[in-house]
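Read off the chains here:
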Amino acid sequence: MSTQRTISFPSQELIDAVGPIPENLKAVLWDLENDPETPLEDIDIAVLPYMANPQTLKNVRKAPNVKVVQTQTTGFDGMIDLIGDRADINTAAGVHAAATAEMALGLAIASLRGFPQSVRDQQQGRWNPQQWPGLADRTVGLVGVGGIGEEIRKRMEPFEVNLLRFGSTARTDEHGEVFATSELAARAPEIEVLILIVPLNDSTRHLVDAQLLAKLPDGATVVNVARGPVVDTDAIVAEVASGRLNMASDVFDPEPLPAGHPLWQHPNALVIPHNGGNTKAFFPRMVKLLKKQVQAWAAGNDGENLVHRS
(Lines give C-alpha, C1' and ligand atoms only; values in the text may rest on other atoms or scores of the structure.)
Protein backbone atom coordinates (compact mmCIF):
# COMPACT_ATOMS: atom_id res chain seq x y z
CA MET A 1 0.00 0.00 0.00
CA SER A 2 1.36 3.45 -0.97
CA THR A 3 2.47 5.88 1.72
CA GLN A 4 -0.08 8.54 2.62
CA ARG A 5 0.90 12.09 1.68
CA THR A 6 -0.39 15.25 3.32
CA ILE A 7 -1.83 18.11 1.27
CA SER A 8 -2.53 21.49 2.87
CA PHE A 9 -5.38 23.77 1.82
CA PRO A 10 -5.63 27.46 2.76
CA SER A 11 -9.28 27.29 3.88
CA GLN A 12 -11.76 24.79 5.29
CA GLU A 13 -14.18 25.87 2.58
CA LEU A 14 -11.77 24.62 -0.07
CA ILE A 15 -11.17 21.34 1.77
CA ASP A 16 -14.92 20.72 1.98
CA ALA A 17 -15.51 21.61 -1.66
CA VAL A 18 -12.69 19.45 -3.04
CA GLY A 19 -13.33 16.44 -0.80
CA PRO A 20 -13.49 13.58 -0.44
CA ILE A 21 -9.93 13.03 -1.57
CA PRO A 22 -8.19 9.69 -2.28
CA GLU A 23 -7.26 7.58 0.72
CA ASN A 24 -3.52 7.97 0.15
CA LEU A 25 -3.84 11.74 0.59
CA LYS A 26 -4.63 13.51 3.85
CA ALA A 27 -6.11 17.03 3.77
CA VAL A 28 -5.08 19.55 6.43
CA LEU A 29 -5.77 23.25 6.93
CA TRP A 30 -2.86 25.67 6.54
CA ASP A 31 -3.34 29.29 5.47
CA LEU A 32 0.43 30.01 5.71
CA GLU A 33 -0.23 32.47 8.54
CA ASN A 34 -1.39 30.26 11.41
CA ASP A 35 0.14 26.96 12.44
CA PRO A 36 -1.20 23.98 10.48
CA GLU A 37 -3.13 21.10 12.00
CA THR A 38 -0.15 18.83 11.51
CA PRO A 39 3.61 19.22 11.97
CA LEU A 40 5.05 21.36 9.16
CA GLU A 41 7.49 18.62 8.22
CA ASP A 42 4.54 16.32 7.37
CA ILE A 43 3.22 18.52 4.54
CA ASP A 44 4.08 17.17 1.09
CA ILE A 45 1.78 19.28 -1.13
CA ALA A 46 0.75 22.89 -0.42
CA VAL A 47 -2.13 24.73 -2.07
CA LEU A 48 -1.34 28.42 -1.66
CA PRO A 49 -3.90 31.06 -0.68
CA TYR A 50 -5.25 33.26 -3.46
CA MET A 51 -3.61 36.69 -3.84
CA ALA A 52 -1.65 36.40 -0.60
CA ASN A 53 1.02 39.00 0.04
CA PRO A 54 4.65 37.96 -0.58
CA GLN A 55 5.50 37.86 3.13
CA THR A 56 2.73 35.31 3.71
CA LEU A 57 3.79 33.20 0.73
CA LYS A 58 7.33 33.01 2.10
CA ASN A 59 5.99 30.90 4.97
CA VAL A 60 5.70 27.93 2.63
CA ARG A 61 9.45 27.57 3.16
CA LYS A 62 8.71 26.57 6.77
CA ALA A 63 7.45 23.22 5.48
CA PRO A 64 10.79 21.54 4.75
CA ASN A 65 9.44 18.52 2.87
CA VAL A 66 6.99 20.17 0.45
CA LYS A 67 7.43 18.59 -2.98
CA VAL A 68 4.50 20.23 -4.85
CA VAL A 69 3.18 23.79 -4.64
CA GLN A 70 -0.16 24.64 -6.26
CA THR A 71 -0.95 28.30 -6.89
CA GLN A 72 -4.45 29.72 -7.31
CA THR A 73 -3.17 32.25 -9.83
CA THR A 74 -2.26 31.99 -13.51
CA GLY A 75 0.96 33.96 -13.12
CA PHE A 76 3.82 32.50 -11.14
CA ASP A 77 6.31 35.37 -11.26
CA GLY A 78 8.43 35.27 -8.15
CA MET A 79 7.40 31.73 -7.28
CA ILE A 80 10.53 30.08 -8.67
CA ASP A 81 12.71 32.44 -6.62
CA LEU A 82 10.54 31.63 -3.61
CA ILE A 83 10.49 27.86 -4.06
CA GLY A 84 13.74 27.23 -5.93
CA ASP A 85 14.42 23.56 -6.58
CA ARG A 86 12.60 22.38 -3.47
CA ALA A 87 9.27 21.63 -5.14
CA ASP A 88 7.32 21.41 -8.37
CA ILE A 89 5.07 24.39 -9.12
CA ASN A 90 1.62 23.98 -10.65
CA THR A 91 -0.50 27.00 -11.55
CA ALA A 92 -4.21 27.68 -11.98
CA ALA A 93 -3.87 28.43 -15.70
CA GLY A 94 -7.32 28.42 -17.28
CA VAL A 95 -9.19 29.09 -14.06
CA HIS A 96 -9.05 32.86 -14.51
CA ALA A 97 -9.09 33.03 -18.32
CA ALA A 98 -12.72 34.02 -18.87
CA ALA A 99 -12.81 36.49 -15.97
CA THR A 100 -9.56 38.19 -16.98
CA ALA A 101 -10.71 38.44 -20.59
CA GLU A 102 -13.92 40.06 -19.35
CA MET A 103 -11.85 42.55 -17.38
CA ALA A 104 -9.70 43.44 -20.39
CA LEU A 105 -12.73 44.06 -22.57
CA GLY A 106 -14.54 45.91 -19.79
CA LEU A 107 -11.59 48.20 -19.13
CA ALA A 108 -11.26 49.01 -22.83
CA ILE A 109 -14.96 49.78 -23.24
CA ALA A 110 -15.17 51.76 -20.00
CA SER A 111 -12.25 53.97 -20.97
CA LEU A 112 -13.24 54.39 -24.62
CA ARG A 113 -16.88 55.20 -23.80
CA GLY A 114 -16.11 57.56 -20.92
CA PHE A 115 -17.70 55.56 -18.11
CA PRO A 116 -15.40 57.01 -15.41
CA GLN A 117 -16.38 60.54 -16.44
CA SER A 118 -20.05 59.58 -16.31
CA VAL A 119 -19.60 58.25 -12.78
CA ARG A 120 -18.02 61.54 -11.73
CA ASP A 121 -20.84 63.45 -13.44
CA GLN A 122 -23.44 61.31 -11.68
CA GLN A 123 -21.88 62.08 -8.30
CA GLN A 124 -22.35 65.78 -9.09
CA GLY A 125 -25.80 65.39 -10.65
CA ARG A 126 -24.47 66.76 -13.93
CA TRP A 127 -25.90 65.80 -17.37
CA ASN A 128 -22.81 65.92 -19.58
CA PRO A 129 -23.17 64.25 -23.01
CA GLN A 130 -19.92 63.94 -24.95
CA GLN A 131 -18.63 62.08 -27.97
CA TRP A 132 -16.16 59.34 -27.01
CA PRO A 133 -13.98 57.22 -29.34
CA GLY A 134 -15.76 53.88 -28.76
CA LEU A 135 -14.25 50.47 -29.47
CA ALA A 136 -15.69 49.80 -32.94
CA ASP A 137 -13.25 50.54 -35.79
CA ARG A 138 -10.30 51.01 -33.41
CA THR A 139 -6.98 49.29 -34.08
CA VAL A 140 -6.32 47.09 -31.05
CA GLY A 141 -2.88 45.66 -30.28
CA LEU A 142 -3.20 42.49 -28.21
CA VAL A 143 0.15 41.57 -26.69
CA GLY A 144 -0.03 37.97 -25.52
CA VAL A 145 -1.60 35.04 -27.37
CA GLY A 146 -1.69 32.40 -24.63
CA GLY A 147 -4.83 31.04 -23.00
CA ILE A 148 -6.14 34.38 -21.73
CA GLY A 149 -5.01 36.17 -24.88
CA GLU A 150 -7.10 33.76 -26.92
CA GLU A 151 -10.12 34.41 -24.70
CA ILE A 152 -9.66 38.14 -25.26
CA ARG A 153 -9.37 37.58 -29.02
CA LYS A 154 -12.65 35.65 -29.07
CA ARG A 155 -14.43 38.37 -27.15
CA MET A 156 -13.08 41.06 -29.47
CA GLU A 157 -14.55 39.44 -32.57
CA PRO A 158 -18.08 40.94 -32.32
CA PHE A 159 -16.77 44.45 -31.66
CA GLU A 160 -15.61 45.18 -35.20
CA VAL A 161 -12.04 46.12 -34.36
CA ASN A 162 -8.87 45.84 -36.38
CA LEU A 163 -6.96 43.37 -34.19
CA LEU A 164 -3.17 43.07 -34.29
CA ARG A 165 -1.86 40.18 -32.20
CA PHE A 166 1.68 39.96 -30.84
CA GLY A 167 3.43 36.88 -29.49
CA SER A 168 6.96 35.87 -28.57
CA THR A 169 7.62 34.85 -32.20
CA ALA A 170 6.06 35.75 -35.55
CA ARG A 171 3.79 33.05 -36.94
CA THR A 172 0.44 32.32 -38.50
CA ASP A 173 -2.23 30.33 -36.69
CA GLU A 174 -5.82 29.39 -37.46
CA HIS A 175 -6.92 32.94 -36.66
CA GLY A 176 -4.38 34.71 -38.86
CA GLU A 177 -1.11 36.52 -38.41
CA VAL A 178 0.72 36.86 -35.11
CA PHE A 179 3.46 39.47 -35.07
CA ALA A 180 6.59 39.10 -32.97
CA THR A 181 6.69 41.25 -29.85
CA SER A 182 9.89 42.71 -31.26
CA GLU A 183 7.69 44.35 -33.95
CA LEU A 184 5.53 46.13 -31.39
CA ALA A 185 7.46 49.40 -31.51
CA ALA A 186 7.23 49.54 -35.30
CA ARG A 187 3.46 48.99 -35.23
CA ALA A 188 2.79 51.21 -32.21
CA PRO A 189 1.82 54.33 -34.24
CA GLU A 190 -1.22 52.36 -35.54
CA ILE A 191 -2.36 51.07 -32.16
CA GLU A 192 -5.23 52.98 -30.54
CA VAL A 193 -5.88 50.41 -27.80
CA LEU A 194 -2.95 48.42 -26.38
CA ILE A 195 -3.99 45.37 -24.33
CA LEU A 196 -1.30 43.57 -22.33
CA ILE A 197 -1.67 39.96 -21.19
CA VAL A 198 1.90 38.63 -21.12
CA PRO A 199 3.60 36.79 -18.26
CA LEU A 200 6.12 38.79 -16.25
CA ASN A 201 9.69 37.73 -16.95
CA ASP A 202 12.99 39.34 -17.86
CA SER A 203 11.89 39.95 -21.45
CA THR A 204 8.55 41.54 -20.55
CA ARG A 205 9.53 43.68 -17.57
CA HIS A 206 9.06 47.29 -18.74
CA LEU A 207 8.12 46.01 -22.19
CA VAL A 208 5.97 49.13 -22.34
CA ASP A 209 8.50 51.85 -21.62
CA ALA A 210 8.72 55.56 -22.38
CA GLN A 211 9.98 54.92 -25.90
CA LEU A 212 7.10 52.63 -26.80
CA LEU A 213 4.49 54.86 -25.19
CA ALA A 214 5.82 57.83 -27.15
CA LYS A 215 5.12 55.94 -30.39
CA LEU A 216 1.43 55.38 -29.57
CA PRO A 217 -0.91 57.90 -31.20
CA ASP A 218 -2.42 60.75 -29.21
CA GLY A 219 -5.49 59.58 -27.29
CA ALA A 220 -4.47 55.90 -27.26
CA THR A 221 -5.50 53.74 -24.31
CA VAL A 222 -3.21 51.28 -22.49
CA VAL A 223 -5.06 48.35 -20.89
CA ASN A 224 -2.95 46.20 -18.56
CA VAL A 225 -4.34 42.90 -17.26
CA ALA A 226 -0.93 41.23 -17.14
CA ARG A 227 1.37 42.30 -14.29
CA GLY A 228 2.17 45.81 -13.13
CA PRO A 229 5.90 45.81 -14.00
CA VAL A 230 5.15 45.02 -17.66
CA VAL A 231 4.58 48.79 -17.87
CA ASP A 232 7.15 51.33 -16.71
CA THR A 233 5.15 53.17 -14.04
CA ASP A 234 7.04 56.45 -14.27
CA ALA A 235 6.61 56.46 -18.04
CA ILE A 236 2.85 55.82 -18.00
CA VAL A 237 2.37 58.38 -15.21
CA ALA A 238 4.09 61.01 -17.35
CA GLU A 239 1.89 60.24 -20.38
CA VAL A 240 -1.31 60.14 -18.36
CA ALA A 241 -0.46 63.33 -16.49
CA SER A 242 0.13 65.13 -19.77
CA GLY A 243 -3.31 64.03 -20.97
CA ARG A 244 -1.87 62.50 -24.14
CA LEU A 245 -2.63 58.87 -23.30
CA ASN A 246 -5.29 57.05 -21.30
CA MET A 247 -4.72 54.14 -18.98
CA ALA A 248 -7.19 51.49 -17.80
CA SER A 249 -5.40 48.98 -15.61
CA ASP A 250 -6.10 46.13 -13.23
CA VAL A 251 -2.46 45.74 -12.17
CA PHE A 252 0.19 48.15 -10.95
CA ASP A 253 3.77 48.57 -9.85
CA PRO A 254 3.77 48.99 -6.87
CA GLU A 255 0.76 47.05 -5.70
CA PRO A 256 -1.38 47.91 -3.82
CA LEU A 257 -1.23 51.34 -5.40
CA PRO A 258 -0.33 53.65 -2.47
CA ALA A 259 -2.62 56.43 -1.33
CA GLY A 260 -1.43 59.66 -2.88
CA HIS A 261 0.03 57.94 -5.95
CA PRO A 262 -0.37 60.24 -8.98
CA LEU A 263 -2.42 57.66 -10.91
CA TRP A 264 -5.28 58.19 -8.44
CA GLN A 265 -5.47 61.83 -9.42
CA HIS A 266 -5.93 61.81 -13.18
CA PRO A 267 -9.36 61.49 -14.83
CA ASN A 268 -7.87 59.60 -17.81
CA ALA A 269 -6.57 56.81 -15.53
CA LEU A 270 -9.00 54.03 -14.61
CA VAL A 271 -7.70 52.12 -11.58
CA ILE A 272 -9.03 48.64 -10.71
CA PRO A 273 -7.51 46.88 -7.64
CA HIS A 274 -6.29 43.64 -9.27
CA ASN A 275 -9.76 42.14 -9.60
CA GLY A 276 -9.16 40.45 -12.95
CA GLY A 277 -9.78 36.85 -11.95
CA ASN A 278 -11.70 37.56 -8.78
CA THR A 279 -15.29 36.79 -9.75
CA LYS A 280 -17.83 34.30 -8.46
CA ALA A 281 -16.72 31.98 -11.27
CA PHE A 282 -13.31 31.65 -9.61
CA PHE A 283 -14.07 29.36 -6.68
CA PRO A 284 -16.00 26.62 -8.54
CA ARG A 285 -13.42 26.64 -11.33
CA MET A 286 -10.60 26.35 -8.81
CA VAL A 287 -12.39 23.49 -7.10
CA LYS A 288 -12.83 21.71 -10.43
CA LEU A 289 -9.09 21.99 -11.11
CA LEU A 290 -8.12 20.83 -7.62
CA LYS A 291 -10.39 17.79 -7.88
CA LYS A 292 -8.38 16.74 -10.94
CA GLN A 293 -5.08 17.63 -9.30
CA VAL A 294 -5.62 15.51 -6.19
CA GLN A 295 -6.50 12.51 -8.35
CA ALA A 296 -3.31 12.99 -10.35
CA TRP A 297 -1.16 13.46 -7.26
CA ALA A 298 -2.71 10.42 -5.59
CA ALA A 299 -1.70 8.39 -8.66
CA GLY A 300 1.84 9.73 -8.51
CA ASN A 301 1.42 11.98 -11.57
CA ASP A 302 2.34 15.65 -12.06
CA GLY A 303 -1.13 17.15 -12.40
CA GLU A 304 -2.06 19.94 -14.80
CA ASN A 305 -0.21 23.22 -15.40
CA LEU A 306 3.22 22.10 -14.21
CA VAL A 307 5.44 25.12 -14.89
CA HIS A 308 8.52 24.30 -12.82
CA ARG A 309 10.00 20.97 -11.82
CA SER A 310 12.19 20.55 -8.78
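Above: the structure in question.
Now for a description of the structure that goes with this document. (Residues numbered from 1 in each chain as written. Predicted model: local features only at pLDDT ≥ 70, side-chain atom pairs only at ≥ 80, totals over all residues. Heavy atoms only, no water.)

## Some thoughts on the environment of Ile-15
Okay, step 1: The topology assignment puts Ile-15 in helix H1 (residues 12–18).
Okay, step 2: Considering only alpha carbons, one finds Ile-15 and Ile-195, 180 residues apart in sequence, at a separation of 36 Å.
Okay, step 3: Among residues more than four places away in sequence, those in contact with Ile-15 are Phe-9, Ala-27, Val-28 and Leu-29. (Helix = DSSP H or I, 4+ residues; strand = E, 2+ residues; numbered from the N terminus. Contact = heavy atoms within 4.5 Å.)

## What to know about the side chain of Thr-38
Okay, step 1: Following the sequence through the fold, Thr-38 ends up in the loop between strand E2 (25–29) and strand E3 (43–47).
Okay, step 2: Only 3.2 Å separates the side chain of Thr-38 from the side chain of Asp-42, close enough to count as a polar contact. (Polar contact = N/O pair within 3.5 Å; in protein donor to acceptor, adjacent residues only side chain to side chain.)

## Brief notes about unusual backbone geometry
Okay, step 1: Here the residue pair Gly-19 and Pro-20 is connected by a cis peptide bond, since its omega of -5° sits within 30 degrees of zero.
Okay, step 2: Locating Pro-20 in the fold gives a position in the loop between H1 and E2.
Okay, step 3: The omega torsion of the bond from Glu-255 to Pro-256 falls at 0°, within 30 degrees of zero and hence cis.
Okay, step 4: Summarising the element assignment, Pro-256 is placed in the loop between strand E12 (246–249) and strand E13 (269–271).
Okay, step 5: Phi at Leu-32 is positive, roughly 70°, even though this residue is not glycine.
Okay, step 6: Relative to the helices and strands, Leu-32 resides in the loop between E2 and E3.
Okay, step 7: Note on Leu-32: relative accessible area 1%, which makes it buried.
Okay, step 8: One non-glycine residue, His-274, lies in positive phi territory at about 55°.
Okay, step 9: With a relative accessible area of 15%, His-274 lands in the buried category. (Buried < 20%, exposed > 50% of the residue type's maximum accessible area, 1.4 Å probe, protein only.)

## A word on helix H5 (residues 115–123)
Okay, step 1: For H5, every residue scored as buried is listed here: Pro-116, Gln-117 and Asp-121. Looking down the long axis of H5, one finds its buried residues gathered within 140° of arc, a one-sided arrangement. When the buried face of H5 is taken as reference, the exposed residues oriented beyond 90 degrees from it are Gln-122 and Gln-123.
Okay, step 2: Lining the buried residues of H5 we find helix H4 (97–112) and E13.
Okay, step 3: Just downstream of H5, Gly-125 is the residue with a positive phi angle, here 65°. (Arc of directions from axis to C-beta.)

## Looking at the pattern of salt bridges
Okay, step 1: Under the definition given, this model contains 13 salt bridges.
Okay, step 2: Among the ionic pairs, Glu-151 bridges to Lys-154, the shortest N-O distance being 3.1 Å. Note that Glu-151 and Lys-154 are positioned in helix H6 (residues 147–156) at a spacing of 3 residues, about one turn of the helix.
Okay, step 3: One salt bridge in this structure joins Asp-302 and Arg-309, with 2.6 Å as the shortest N-O distance.
Okay, step 4: Each member of the salt-bridge network shares a partner with another, and the members are Glu-150, Arg-153 and Glu-157. (Salt bridge = Lys/Arg side-chain N within 4 Å of Asp/Glu carboxyl O.)

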